[in-house]
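# Residue-level structural notes
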Amino acid sequence: MRVTFTVNGRQRQADDVWEGETLLYVLRERLGLPGAKNACEQGECGSCTVRLDGVLVCSCLVAAGQAEGCRVDTVEGLAGPDGELALVQQAFVDAGAVQCGFCTPGLLVAADELLERNPSPSDADIREALSGNLCRCTGYEKILDAVRLAAARAGQAG
């Protein structure tokens, strides 16, 4: 089957998609967007998190056909058109919230969604928003620092 959807603001299509193929596979292997990571393949780790029509989903659990006609936003879509880092991406760098980096794309997408919906989140809000994303390296404190930093910077800019 052919799947047509909007990815990071651009209409895209994938041909010869078999019915069991995941959105994660299509994004990575067919569209060349490797940001979402293939880790647990069970929706437990959040490394493959993307937004599907604005809603956070684990792309490993979404059949590609379910994205037909939808808007998909990946970590690659966070950066500006000239490659400048988004506020949340820069905050992760500045706070030292990246170690191995495997979980980072999913965390960035989840943090960006949180800050869009709640520009001044409490620590409890941040923890809840990131609860679907597992990290084995950082201990989470620097990740929380990064989201706090992004929120503070967004507040100063706005």
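As a starting point, this report considers the structure included with it.

Cut-offs applied
Residues numbered from 1 in each chain as written. Predicted model: local features only at pLDDT ≥ 70, side-chain atom pairs only at ≥ 80, totals over all residues. Heavy atoms only, no water. Helix = DSSP H or I, 4+ residues; strand = E, 2+ residues; numbered from the N terminus. Contact = heavy atoms within 4.5 Å. Expected span 1.5 Å × (residues − 1). Buried < 20%, exposed > 50% of the residue type's maximum accessible area, 1.4 Å probe, protein only. Arc of directions from axis to C-beta. Axes fitted to C-alpha atoms, helices over the stretch in contact; angles between N-to-C directions. Parallel < 35°, antiparallel > 145°, perpendicular 65-115°, else oblique. Left-handed = near helix turned anticlockwise from the far one by under 90°.

### Thoughts on the environment of Ala-111
Summarising the element assignment, Ala-111 is placed in helix α3 (residues 104-117). Spatially, the C-alpha atom of Ala-111 lies 12 Å from that of Gln-90, the residues being 21 residues apart in sequence. Setting aside its immediate chain neighbours within four residues, Ala-111 contacts Val-88, Phe-92, Leu-130 and Val-147.

### Structural notes on helix α5 (residues 141-157)
With 17 residues, α5 ought to run about 24 Å at 1.5 Å a step, and its terminal C-alpha atoms sit 24 Å apart, in line with that. For α5, the complete set of buried residues consists of Ile-143, Leu-144, Ala-146, Val-147, Ala-150 and Ala-151. Viewed end-on, α5 has its buried residues packed into an arc of 160 degrees, placing them on one side of the element. Opposite the buried face of α5, at more than 90 degrees from it, the exposed residues are Gly-155 and Gln-156. Buried-residue contacts for α5 involve α2 (87-95), α3 and α4 (123-129).

### Things to note about the packing of α3 against α5
A pair of packed helices can be characterised by two numbers: the angle between their axes and the separation between those axes. Close contact between α3 and α5 brings their axes to 11 Å; oriented N to C, the two are set at 40 degrees. The orientation of α3 relative to α5 falls into the category oblique. Read as a crossing pair, α3 and α5 show a hand that is right-handed. Between α3, through Leu-107, Ala-111, Leu-114 and Leu-115, and α5, the contact on the second element is made entirely by Ile-143, Val-147, Ala-150 and Ala-151.

Purely geometric numbers; function is a separate question.
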